[in-house]
Amino acid sequence: LKRTNTYTTVSVGTAAMEDYRRMDGATMDPFPLVKEKVQTAVRQLEADMTTWREQLKRTNTYTTVSVGTAAMEDYRRMDGATMDPFPLVKEKVQTAVRQLEADMTTWREQLKRTNTYTNQGFQRVNRSVRSQLKKLNSHIKALSTTITAVESQRSRFPNIDDAELDNRKDFVAQTRAVVDGYHKLITDPATKAKKAEDKRKVEDMRSTDVQESDFHTLGNDRFETQQQEQEDFETKQDEVLDDMTTVLGRLGVAAEAIDMELAEHKELIQELDTEVATAQSRMGVAMKKLQKLLGTSSNSKICCLFMMFLMVLILLAIAVFG
(Lines give C-alpha, C1' and ligand atoms only; values in the text may rest on other atoms or scores of the structure.)
Protein backbone atom coordinates (compact mmCIF):
# COMPACT_ATOMS: atom_id res chain seq x y z
CA LEU A 1 0.00 0.00 0.00
CA LYS A 2 2.86 2.38 0.91
CA ARG A 3 5.38 1.56 -1.84
CA THR A 4 3.30 0.51 -4.89
CA ASN A 5 0.51 1.69 -7.17
CA THR A 6 -2.55 -0.04 -5.66
CA TYR A 7 -4.44 0.24 -8.95
CA THR A 8 -1.91 -1.65 -11.06
CA THR A 9 -0.03 -3.91 -8.62
CA VAL A 10 -1.17 -7.54 -8.45
CA SER A 11 -0.08 -10.21 -6.04
CA VAL A 12 2.33 -12.99 -6.83
CA GLY A 13 -0.47 -15.50 -6.39
CA THR A 14 -2.81 -13.83 -8.86
CA ALA A 15 -0.16 -13.24 -11.54
CA ALA A 16 1.46 -16.63 -11.11
CA MET A 17 -1.82 -18.57 -11.28
CA GLU A 18 -2.78 -16.64 -14.39
CA ASP A 19 0.58 -17.66 -15.91
CA TYR A 20 -0.11 -21.29 -15.01
CA ARG A 21 -3.55 -21.13 -16.62
CA ARG A 22 -1.96 -19.87 -19.83
CA MET A 23 0.82 -22.43 -19.74
CA ASP A 24 -1.25 -25.13 -21.44
CA GLY A 25 -1.69 -22.97 -24.54
CA ALA A 26 1.83 -21.58 -24.90
CA THR A 27 5.44 -22.56 -24.57
CA MET A 28 6.13 -20.02 -21.84
CA ASP A 29 7.30 -21.48 -18.50
CA PRO A 30 6.36 -19.16 -15.60
CA PHE A 31 8.31 -21.16 -12.98
CA PRO A 32 11.56 -19.12 -13.12
CA LEU A 33 9.67 -15.85 -12.69
CA VAL A 34 7.55 -17.15 -9.82
CA LYS A 35 10.64 -18.74 -8.21
CA GLU A 36 12.39 -15.36 -8.33
CA LYS A 37 9.38 -13.67 -6.73
CA VAL A 38 9.23 -16.30 -4.00
CA GLN A 39 12.96 -15.87 -3.29
CA THR A 40 12.46 -12.11 -2.98
CA ALA A 41 9.50 -12.66 -0.65
CA VAL A 42 11.55 -15.05 1.51
CA ARG A 43 14.38 -12.51 1.79
CA GLN A 44 11.84 -9.86 2.79
CA LEU A 45 10.35 -12.24 5.38
CA GLU A 46 13.79 -12.98 6.81
CA ALA A 47 14.58 -9.26 7.12
CA ASP A 48 11.24 -8.61 8.81
CA MET A 49 11.65 -11.58 11.15
CA THR A 50 15.08 -10.30 12.20
CA THR A 51 13.51 -6.97 13.11
CA TRP A 52 10.62 -8.76 14.81
CA ARG A 53 12.96 -10.80 17.02
CA GLU A 54 15.03 -7.76 17.98
CA GLN A 55 12.00 -5.67 18.88
CA LEU A 56 10.31 -8.55 20.68
CA LYS A 57 13.42 -8.88 22.86
CA ARG A 58 14.38 -5.24 23.37
CA THR A 59 11.19 -3.15 23.14
CA ASN A 60 7.74 -2.82 24.63
CA THR A 61 5.62 -4.52 21.98
CA TYR A 62 2.54 -2.58 23.07
CA THR A 63 4.01 0.89 22.57
CA THR A 64 6.70 0.55 19.86
CA VAL A 65 5.99 2.61 16.72
CA SER A 66 7.78 3.00 13.41
CA VAL A 67 10.83 5.12 12.79
CA GLY A 68 8.92 7.42 10.46
CA THR A 69 6.74 8.74 13.30
CA ALA A 70 8.73 8.42 16.53
CA ALA A 71 12.39 8.64 15.58
CA MET A 72 12.11 11.71 13.39
CA GLU A 73 10.09 13.42 16.11
CA ASP A 74 12.89 12.54 18.52
CA TYR A 75 15.36 14.31 16.24
CA ARG A 76 13.27 17.45 16.36
CA ARG A 77 13.11 17.29 20.17
CA MET A 78 16.72 16.35 20.78
CA ASP A 79 17.95 19.91 21.26
CA GLY A 80 15.48 20.47 24.07
CA ALA A 81 15.99 17.24 26.02
CA THR A 82 18.55 14.62 26.96
CA MET A 83 16.80 11.91 24.93
CA ASP A 84 19.07 9.96 22.55
CA PRO A 85 17.17 8.54 19.54
CA PHE A 86 20.29 7.12 17.87
CA PRO A 87 19.91 3.47 19.01
CA LEU A 88 16.33 3.19 17.77
CA VAL A 89 17.06 4.82 14.45
CA LYS A 90 20.24 2.78 14.01
CA GLU A 91 18.18 -0.40 14.36
CA LYS A 92 15.71 0.83 11.78
CA VAL A 93 18.49 1.83 9.41
CA GLN A 94 20.07 -1.62 9.73
CA THR A 95 16.73 -3.21 8.85
CA ALA A 96 16.33 -0.85 5.90
CA VAL A 97 19.82 -1.71 4.67
CA ARG A 98 19.04 -5.44 4.83
CA GLN A 99 15.86 -4.81 2.83
CA LEU A 100 17.81 -2.74 0.33
CA GLU A 101 20.40 -5.50 -0.06
CA ALA A 102 17.63 -8.05 -0.72
CA ASP A 103 15.99 -5.79 -3.30
CA MET A 104 19.34 -5.04 -4.93
CA THR A 105 19.92 -8.79 -5.33
CA THR A 106 16.62 -9.01 -7.21
CA TRP A 107 17.51 -5.85 -9.13
CA ARG A 108 20.81 -7.33 -10.32
CA GLU A 109 19.21 -10.61 -11.38
CA GLN A 110 16.45 -8.90 -13.35
CA LEU A 111 18.86 -6.39 -14.87
CA LYS A 112 20.91 -9.32 -16.16
CA ARG A 113 18.14 -11.74 -17.15
CA THR A 114 15.18 -9.62 -18.27
CA ASN A 115 14.31 -6.83 -20.65
CA THR A 116 14.37 -3.81 -18.38
CA TYR A 117 12.26 -1.71 -20.76
CA THR A 118 9.22 -4.00 -20.66
CA ASN A 119 9.61 -6.03 -17.45
CA GLN A 120 7.25 -4.53 -14.88
CA GLY A 121 8.93 -6.44 -12.07
CA PHE A 122 12.24 -4.72 -12.78
CA GLN A 123 10.56 -1.34 -13.06
CA ARG A 124 8.84 -1.83 -9.70
CA VAL A 125 12.00 -2.95 -7.90
CA ASN A 126 13.96 -0.13 -9.57
CA ARG A 127 11.49 2.45 -8.26
CA SER A 128 11.52 0.79 -4.85
CA VAL A 129 15.33 0.80 -4.67
CA ARG A 130 15.50 4.48 -5.61
CA SER A 131 12.91 5.31 -2.96
CA GLN A 132 14.79 3.31 -0.32
CA LEU A 133 18.06 5.06 -1.18
CA LYS A 134 16.37 8.43 -0.80
CA LYS A 135 14.92 7.48 2.60
CA LEU A 136 18.22 6.04 3.81
CA ASN A 137 20.03 9.22 2.82
CA SER A 138 17.48 11.14 4.88
CA HIS A 139 18.04 8.83 7.89
CA ILE A 140 21.83 9.08 7.54
CA LYS A 141 21.56 12.86 7.52
CA ALA A 142 19.41 12.68 10.66
CA LEU A 143 21.91 10.39 12.38
CA SER A 144 24.70 12.81 11.52
CA THR A 145 22.60 15.54 13.09
CA THR A 146 22.38 13.61 16.37
CA ILE A 147 26.16 13.12 16.38
CA THR A 148 26.67 16.84 15.84
CA ALA A 149 24.22 17.61 18.63
CA VAL A 150 26.06 15.31 21.04
CA GLU A 151 29.46 16.78 20.10
CA SER A 152 28.25 20.32 20.66
CA GLN A 153 26.51 19.53 23.99
CA ARG A 154 28.55 16.79 25.63
CA SER A 155 27.44 17.77 29.14
CA ARG A 156 23.84 16.88 28.32
CA PHE A 157 24.78 13.35 27.21
CA PRO A 158 27.15 11.99 29.87
CA ASN A 159 26.31 8.39 28.96
CA ILE A 160 27.88 8.81 25.49
CA ASP A 161 31.66 8.61 25.76
CA ASP A 162 34.28 9.18 23.05
CA ALA A 163 34.38 5.50 22.10
CA GLU A 164 30.61 5.36 21.61
CA LEU A 165 30.72 8.55 19.58
CA ASP A 166 33.44 7.09 17.35
CA ASN A 167 31.39 3.91 16.89
CA ARG A 168 28.43 6.01 15.79
CA LYS A 169 30.53 7.92 13.31
CA ASP A 170 31.87 4.64 11.92
CA PHE A 171 28.33 3.27 11.55
CA VAL A 172 27.18 6.37 9.69
CA ALA A 173 30.24 6.28 7.43
CA GLN A 174 29.79 2.56 6.64
CA THR A 175 26.09 2.97 5.95
CA ARG A 176 26.74 5.95 3.73
CA ALA A 177 29.34 3.92 1.82
CA VAL A 178 26.79 1.13 1.23
CA VAL A 179 24.12 3.58 0.08
CA ASP A 180 26.56 5.43 -2.18
CA GLY A 181 27.76 2.14 -3.65
CA TYR A 182 24.24 1.07 -4.58
CA HIS A 183 23.47 4.52 -5.95
CA LYS A 184 26.54 4.37 -8.17
CA LEU A 185 25.48 0.91 -9.34
CA ILE A 186 22.01 1.96 -10.49
CA THR A 187 23.41 5.10 -12.16
CA ASP A 188 26.44 3.35 -13.66
CA PRO A 189 27.02 3.90 -17.41
CA ALA A 190 26.92 0.12 -17.93
CA THR A 191 23.43 0.01 -16.36
CA LYS A 192 22.25 2.85 -18.56
CA ALA A 193 23.72 1.10 -21.59
CA LYS A 194 21.83 -2.11 -20.73
CA LYS A 195 18.56 -0.20 -20.41
CA ALA A 196 19.17 1.59 -23.70
CA GLU A 197 19.96 -1.73 -25.41
CA ASP A 198 16.76 -3.31 -24.05
CA LYS A 199 14.74 -0.36 -25.32
CA ARG A 200 16.38 -0.62 -28.74
CA LYS A 201 15.57 -4.34 -28.96
CA VAL A 202 11.89 -3.69 -28.24
CA GLU A 203 11.75 -0.88 -30.79
CA ASP A 204 13.40 -3.14 -33.37
CA MET A 205 10.83 -5.84 -32.71
CA ARG A 206 8.05 -3.31 -33.03
CA SER A 207 9.39 -2.11 -36.38
CA THR A 208 9.17 -5.63 -37.82
CA ASP A 209 5.40 -5.67 -37.20
CA VAL A 210 5.39 -8.72 -34.96
CA GLN A 211 2.06 -9.93 -33.66
CA GLU A 212 0.55 -8.41 -30.54
CA SER A 213 1.00 -11.66 -28.65
CA ASP A 214 4.76 -11.40 -29.06
CA PHE A 215 4.72 -8.11 -27.26
CA HIS A 216 2.64 -9.59 -24.43
CA THR A 217 5.30 -12.22 -23.90
CA LEU A 218 7.70 -9.36 -23.18
CA GLY A 219 5.27 -7.91 -20.67
CA ASN A 220 4.59 -4.90 -22.90
CA ASP A 221 1.19 -3.96 -21.40
CA ARG A 222 1.87 -0.24 -21.39
CA PHE A 223 4.30 -0.04 -24.28
CA GLU A 224 1.98 1.88 -26.62
CA THR A 225 1.14 4.49 -23.98
CA GLN A 226 4.76 4.99 -22.95
CA GLN A 227 5.89 5.18 -26.57
CA GLN A 228 3.22 7.76 -27.40
CA GLU A 229 4.16 9.86 -24.37
CA GLN A 230 7.82 9.72 -25.43
CA GLU A 231 6.93 10.75 -28.97
CA ASP A 232 4.76 13.63 -27.71
CA PHE A 233 7.59 14.78 -25.46
CA GLU A 234 10.09 14.66 -28.34
CA THR A 235 7.62 16.54 -30.58
CA LYS A 236 7.26 19.31 -28.00
CA GLN A 237 11.02 19.49 -27.68
CA ASP A 238 11.34 19.80 -31.47
CA GLU A 239 8.75 22.59 -31.51
CA VAL A 240 10.59 24.48 -28.79
CA LEU A 241 13.90 24.02 -30.61
CA ASP A 242 12.31 25.21 -33.89
CA ASP A 243 10.98 28.35 -32.16
CA MET A 244 14.39 28.99 -30.64
CA THR A 245 16.03 28.51 -34.06
CA THR A 246 13.62 31.01 -35.64
CA VAL A 247 14.24 33.61 -32.93
CA LEU A 248 18.00 33.12 -33.15
CA GLY A 249 17.81 33.47 -36.94
CA ARG A 250 15.98 36.78 -36.60
CA LEU A 251 18.52 37.99 -34.09
CA GLY A 252 21.29 36.98 -36.47
CA VAL A 253 19.73 38.97 -39.34
CA ALA A 254 19.32 42.03 -37.09
CA ALA A 255 22.90 41.69 -35.90
CA GLU A 256 24.17 41.53 -39.49
CA ALA A 257 22.18 44.65 -40.43
CA ILE A 258 23.57 46.53 -37.44
CA ASP A 259 27.08 45.40 -38.34
CA MET A 260 26.69 46.62 -41.92
CA GLU A 261 25.36 49.97 -40.73
CA LEU A 262 28.24 50.37 -38.33
CA ALA A 263 30.69 49.54 -41.12
CA GLU A 264 29.12 52.27 -43.31
CA HIS A 265 29.29 54.80 -40.50
CA LYS A 266 32.90 53.86 -39.91
CA GLU A 267 33.75 54.50 -43.57
CA LEU A 268 32.00 57.90 -43.48
CA ILE A 269 33.87 58.86 -40.33
CA GLN A 270 37.16 57.80 -41.90
CA GLU A 271 36.41 59.93 -45.01
CA LEU A 272 35.52 62.91 -42.82
CA ASP A 273 38.74 62.46 -40.86
CA THR A 274 40.70 62.44 -44.14
CA GLU A 275 39.00 65.60 -45.38
CA VAL A 276 39.54 67.40 -42.07
CA ALA A 277 43.20 66.38 -42.09
CA THR A 278 43.57 67.69 -45.68
CA ALA A 279 41.89 71.00 -44.79
CA GLN A 280 44.07 71.40 -41.74
CA SER A 281 47.17 70.75 -43.83
CA ARG A 282 46.15 73.37 -46.43
CA MET A 283 45.24 75.86 -43.73
CA GLY A 284 48.62 75.32 -42.13
CA VAL A 285 50.39 76.06 -45.43
CA ALA A 286 48.29 79.18 -46.02
CA MET A 287 48.95 80.46 -42.50
CA LYS A 288 52.66 79.93 -42.90
CA LYS A 289 52.67 81.89 -46.17
CA LEU A 290 50.62 84.69 -44.65
CA GLN A 291 52.91 84.89 -41.64
CA LYS A 292 55.90 84.95 -43.94
CA LEU A 293 54.34 87.72 -46.00
CA LEU A 294 53.34 89.80 -43.01
CA GLY A 295 56.63 89.29 -41.30
CA THR A 296 58.94 90.85 -44.00
CA SER A 297 58.55 94.58 -43.11
CA SER A 298 56.19 97.16 -41.72
CA ASN A 299 55.80 98.74 -45.18
CA SER A 300 54.70 95.43 -46.57
CA LYS A 301 52.12 95.10 -43.83
CA ILE A 302 50.75 98.56 -44.61
CA CYS A 303 50.64 97.81 -48.31
CA CYS A 304 48.80 94.57 -47.73
CA LEU A 305 46.25 96.24 -45.50
CA PHE A 306 45.77 99.06 -48.00
CA MET A 307 45.30 96.61 -50.86
CA MET A 308 42.76 94.61 -48.88
CA PHE A 309 40.85 97.82 -47.95
CA LEU A 310 40.86 98.89 -51.57
CA MET A 311 39.52 95.53 -52.74
CA VAL A 312 36.72 95.73 -50.21
CA LEU A 313 35.74 99.20 -51.47
CA ILE A 314 35.76 98.02 -55.09
CA LEU A 315 33.55 95.06 -54.23
CA LEU A 316 31.13 97.35 -52.38
CA ALA A 317 31.00 99.75 -55.29
CA ILE A 318 30.32 96.96 -57.74
CA ALA A 319 27.60 95.66 -55.48
CA VAL A 320 25.93 99.10 -55.12
CA PHE A 321 26.25 100.50 -58.62
CA GLY A 322 26.68 97.38 -60.65
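See above for the structure.
So, how was this worked out
Residues numbered from 1 in each chain as written. Predicted model: local features only at pLDDT ≥ 70, side-chain atom pairs only at ≥ 80, totals over all residues. Heavy atoms only, no water. Phe/Tyr/Trp six-rings, centres within 6.5 Å; stacked < 30°, edge-to-face > 60°. Helix = DSSP H or I, 4+ residues; strand = E, 2+ residues; numbered from the N terminus. Buried < 20%, exposed > 50% of the residue type's maximum accessible area, 1.4 Å probe, protein only. Lys NZ or Arg CZ within 6 Å of the ring centre and 35° of its normal. Patch = residues over 30% accessible without salt bridge, like charges linked within 9 Å, V, L, I, M, F, W, Y side chains within 5 Å. Areas by Shrake-Rupley, 256 points an atom, 1.4 Å probe, with all protein chains shown as cover. Salt bridge = Lys/Arg side-chain N within 4 Å of Asp/Glu carboxyl O. Lys, Arg positive; Asp, Glu negative; His and termini not counted. Charge placed at Lys NZ, Arg CZ, Asp CG, Glu CD. Contact = heavy atoms within 4.5 Å. Expected span 1.5 Å × (residues − 1). Axes fitted to C-alpha atoms, helices over the stretch in contact; angles between N-to-C directions. Parallel < 35°, antiparallel > 145°, perpendicular 65-115°, else oblique. Left-handed = near helix turned anticlockwise from the far one by under 90°. Nonpolar A, V, L, I, M, F, W, Y, C, P; charged D, E, K, R; others polar.

### A closer look at the packing of aromatic side chains
Now for step 1: Under the defined criterion, the tally for this structure stands at two aromatic pairs.
Now for step 2: Their ring planes at 75 degrees and their centres at 6.3 Å tell us that F86 and F171 sit as a pair that is edge-to-face. Of this pair, F86 sits in helix α4 (residues 86-113) while F171 sits in helix α6 (residues 162-186), and the two are 85 residues apart along the sequence. In this pair, the class of F86 matches that of F171, namely buried.
Now for step 3: Here the basic side chain of K90 rests over the ring of F171, its NZ or CZ set 5.1 Å away from the ring centre.

### Some details on a negative patch on the surface
Now for step 1: Where like charges cluster on the molecular surface, the negative patch consists of E229, E231, D232, E234, D238, E239 and D243.
Now for step 2: Tracing the sequence through the fold places E234 in helix α9 (residues 223-294).
Now for step 3: A relative accessible area of 39% places E234 in the partly exposed class.

### Remarks on the pattern of salt bridges
Now for step 1: Applying the stated criterion across every chain, the model contains six salt bridges.
Now for step 2: One salt bridge connects R200 with E197, and the closest N-O pair in it is separated by 2.4 Å. Here E197 and R200 lie together in helix α7 (residues 189-207), a separation of three residues that amounts to about one turn.
Now for step 3: Judged by relative accessible area, which is 30%, E197 ranks as partly exposed.
Now for step 4: Through salt bridges with shared partners, a single ionic network connects E197, R200 and D204.

### Observations regarding the environment of R130
Now for step 1: Of note, R130 is situated in helix α5 (residues 120-152).
Now for step 2: The spacing of R130 and Y182 is 52 residues in sequence and 9.4 Å in space, taken between C-alpha atoms.
Now for step 3: Once you skip the residues sitting within four places of it in the chain, R130 turns out to touch I186 and K195.

### Brief notes about α6
Now for step 1: Relative to the 36 Å expected for 25 residues at 1.5 Å per residue, α6 spans 36 Å between its end C-alpha atoms, a close match to the ideal helical length.
Now for step 2: L165, R168, F171, V172, T175, V179, Y182 and I186 are the residues of α6 that are buried.
Now for step 3: Contacts from the buried residues of α6 go to α4, α5 and α7.

### Notes on the packing of α4 against α6
Now for step 1: One way to put it is that α4 packs onto α6 with a least axis distance of 11 Å and a crossing angle of 25 degrees. In this view, α4 runs roughly parallel relative to α6, as classed from their interaxial angle. Classified by chirality, the crossing of α6 by α4 is left-handed. Taking contact as the criterion, the partners of F86, P87, K90, V93, Q94, V97, L100, E101, M104, W107 and R108 in α4 are, on α6, R168, F171, V172, T175, V178, Y182, L185 and I186.
Now for step 2: Residues that form the contact of α4 with α6 fall into these classes: 13 nonpolar, two polar and four charged.

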